[in-house]
Amino acid sequence: MNLMAIFLPVAQAAPAPGLGTFLLPIALIAVMYFLMIRPQMKRQKEHKAMLEKISKGDEVLTSGGIAGVVTDIGDNFVTVEVADNVRIRVQKGSIGNVLPKGTLKSAA
């Protein structure tokens with residue numbers, strides 16, 4: 001028996017591409033949007049709003065783990081006092097969290 005004779009009817013019976021062929025990729029893209037892209041956009045929006053609300057005297061924690069008090073705010077940079085008379089300048093985007101008032105004093 002010829003092998004081509006066995007596989008030829010199977011190859012000819014393949015369905016023509018239609019709506020079902022495109023349904024799975026569309027469903028996967030929708031799932032990725034709702035599980036990955038949309039939550040990330042929401043976190044970015046919340047982070048941007050937090051950065052706009054930062055004011056002098058706020059206690060902040062940078063993404064590098066440095067905690068301090070905001071002493072000066074510029075357009076792109078924030079000056080953070082980490083100890084008495086020790087100030088560092090960090091990018092605004094590196095501010096990870098604004099801590100509740102008194103957090104640094106209670107930790108010392």
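S.K.: Outline the packing of aromatic side chains, supporting the account with residue identities and numerical values.
M.R.: The geometry of an aromatic ring pair is captured by two quantities: the separation of the ring centres and the angle between the planes. Tallying each qualifying case throughout the model produces 1 aromatic pair. Between Tyr 33 and Phe 34 the ring centres are 5.1 Å apart and the planes differ by 80 degrees, which places this aromatic pair in the edge-to-face class. For Tyr 33, a relative accessible area of 34% translates into the label partly exposed.

S.K.: Which residues make up the confidence of the model for the protein chain, and what are the values?
M.R.: Where the model shows low pLDDT, its predicted coordinates should not be examined in detail. Model confidence for the protein chain is summarised by a mean pLDDT of 86, while 83% of its residues fall at 70 or above. Mean pLDDT across the elements of the protein chain ranges from a minimum in helix H1 (residues 3–12), with 57, to a maximum in strand S4 (residues 86–91), with 96.

S.K.: Describe the sheet that holds strand S3 (residues 77–83), naming the residues involved and giving the relevant values.
M.R.: The sheet built from 5 strands is open, its strands ordered S4-S3-S2-S1-S5 with antiparallel pairing. The open sheet has two free edges, formed respectively by S4 and strand S5 (95–99), since each of these has just one partner strand. The mean inter-strand angle of the sheet, taken between neighbouring strand axes irrespective of direction, is 45 degrees. In this sheet, S4 lies alongside S3 in antiparallel orientation, the contact comprising 6 bridges. Across the sheet, the residue bridging to Thr 79 is Arg 89, located in S4.

Basis of the calculations
- Residues numbered from 1 in each chain as written.
- Predicted model: local features only at pLDDT ≥ 70, side-chain atom pairs only at ≥ 80, totals over all residues.
- Heavy atoms only, no water.
- Phe/Tyr/Trp six-rings, centres within 6.5 Å; stacked < 30°, edge-to-face > 60°.
- Buried < 20%, exposed > 50% of the residue type's maximum accessible area, 1.4 Å probe, protein only.
- pLDDT = per-residue confidence, 0-100.
- Helix = DSSP H or I, 4+ residues; strand = E, 2+ residues; numbered from the N terminus.
- Pairing = 2+ DSSP bridges.
- Axes fitted to C-alpha atoms, helices over the stretch in contact; angles between N-to-C directions.

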